[in-house]
Amino acid sequence: MCSLCGVLGGRGHWTESASTPEAFASRLDATTRRRERQQRTQIANHILKHYGLALRDWSGSSYLLSTKTGRTVIVDNLSEVWIAAEQLTQGECDPLDEGLLAELSAN
Amino acid sequence: MTQYETLIPINVITGFLGSGKTTVLARLLRAPDMGETAVLINEFGEVGLDHQLIEHAEESTLLLENGCLCCAIRDDLKTSLRNLFSRCARGEIPQFRRVVIETSGLADPVPIAYTIMAEPVLQYHFRLGNVVTVVDAVNGMGSLARYSEAEKQAAIADRIVLSKTDMCEPGNEAALRSKLAEINHTAPIIDAARDGVDAAALLAHDIYEPEGKRAAIDAWLGEHDGGHEHARAAHTSDVSSFCLWFDGPLDWTAFGVWMTMLLNRHGDKVLRIKGMLNVEGVADPVLINGVQHVVHPPTHMTGWPDDDRRSRIVFITRGIGRERIEASLAAFNALANPAAATIDRDALTPGAPSLSV
């Protein structure tokens, strides 16, 4: 349980290599958990920028998702990022959206 | 951390009303290696009859009280499984190594999968095993055409058991097999009357059991092995089944960002995802397995099955075409590897199966 917010922890999220060492043991030496979180945040921010949002790693345990006006929510993993992003923007975050893909290609 | 492979597997036996689920279950329970199996039954109307049919498993049977294992009564399944585990731990019932849940004929099996994978207590004791869907050879074609529940049950199956083939015209059976292969070409189809029901092959052999891992992968991807010419997009109603191939390694971080975003927005339309990935920096292939919003922890094979190092991902979707998914994943992967950002537009034309990333 998180001593700060009291949220019960579950099994690690499937996207996090550290939670599935059986699958990723061969690269754990080269890829630290922090480094992977940094890269995950960086890539997510490429997408979130399209929606006017930004993601930060919070002490290696959670993420902070913020709007341009500073409204911020705490999320635990990538799945929660997209749920929160849609709540914050009151819209859909669709990876199949042609406008988003065009912007990614242009950048 | 508990190794995922050591958790107690839970198999789900589903199938439309009258398809013969209980008969298949009764036959499975007669197998010697099914002795340490607990059974949860959930059926409309015929509870007494079903209970009688598996009476010999009564000691390890817990009858659910509600009528349908859907989202609304997920708590019931949670309580039943927790209760089962507690009673076993206290020595009130015999030890069991597997649980089989028989759903009602109208059930959506996905909430069951979600409950097993996401419930805070259950996820440390149980894991989802194979989903076995029973399809009635006499009425199955009609059920698939008329009822989305039946189509979804077939689409998310790991194994499909055909029942009543001895009562069916051969031509009708062939048409049904063809239809099932279009909906879900990754699930082996077993004729219960002719082939019998092998408990190990149906329930035990999956990607988390060493002896079944290779066979499971062959079943997932077998139809696509051998090269591009076997990749296809099959369409039946609005359900599509297709396989994407990627020549270069995929970045795991970008893949995670992409797939979580896809499942958040389109999880209800992405019925299954199964894949063998060449992940950047990982020597062995990584296996992914998802049922709508539910994603199993990734696992890996020990070594590649052959010289082909391409990633391959099978999708079974409802209303989402292959080209959109392919272009989207390529764009996300390019974020992590700008050098590979070029999307091969030729590969996006119909019939072109591979995309270089």
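See above for the structure.
Residues numbered from 1 in each chain as written. Chains lettered and ligands numbered in written order. Predicted model: local features only at pLDDT ≥ 70, side-chain atom pairs only at ≥ 80, totals over all residues. Heavy atoms only, no water.

Draft legend 1. Layout of the pattern of salt bridges. All names here are of chain B. Under the defined criterion, the tally for this structure stands at 19 salt bridges over all chains. Asp136 is paired through a salt bridge with Lys164; the nearest N and O atoms lie 3.5 Å apart. Of the two residues, Asp136 is situated in strand S5 (residues 126-136) and Lys164 in the loop between strand S6 (159-163) and helix H7 (170-183); the sequence distance between them amounts to 28 residues. What makes Asp136 buried here is its relative accessible area of 6%. Between Glu173 and Arg177 there is a salt bridge, and its shortest N-O distance comes to 3.1 Å. (Salt bridge = Lys/Arg side-chain N within 4 Å of Asp/Glu carboxyl O. Helix = DSSP H or I, 4+ residues; strand = E, 2+ residues; numbered from the N terminus. Buried < 20%, exposed > 50% of the residue type's maximum accessible area, 1.4 Å probe, protein only.)

Draft legend 2. Geometry of helix H4 (residues 98-106) of chain A. Listed as buried for H4(A) are Leu100(A), Leu101(A) and Leu104(A). For H4(A), the angular spread of the buried residues around the axis is 95°, confining them to a single face. In this structure, H4(A) carries Glu98(A) and Ala106(A) as exposed residues pointing more than 90 degrees from its buried face. Contact partners of the buried residues in H4(A): helix H2 (33-48) of chain A together with helix H11 (252-266) and helix H12 (322-336) of chain B. (Arc of directions from axis to C-beta. Contact = heavy atoms within 4.5 Å.)

Draft legend 3. Structural detail: the sheet that holds strand S1 (residues 53-58) of chain A. All names here are of chain A. As summarised here, the arrangement of the 3 strands in space is S1-S2-S3, forming an open sheet in which the pairing is antiparallel. Looking at the sheet topology across the chains shown, the edges are occupied by S1 and strand S3 (72-75). Going from strand to strand, the sheet's axes swing by 25° on average, the running direction of each strand aside. Two elements, S1 and strand S2 (residues 62-67), share 6 bridges in a ladder whose sense is antiparallel. If you follow Asp57 over to S2, its bridge partner there is Tyr63. Contacting S1 and S2, H2 runs over the sheet at an angle of about 170° to S1. (Pairing = 2+ DSSP bridges. Axes fitted to C-alpha atoms, helices over the stretch in contact; angles between N-to-C directions.)

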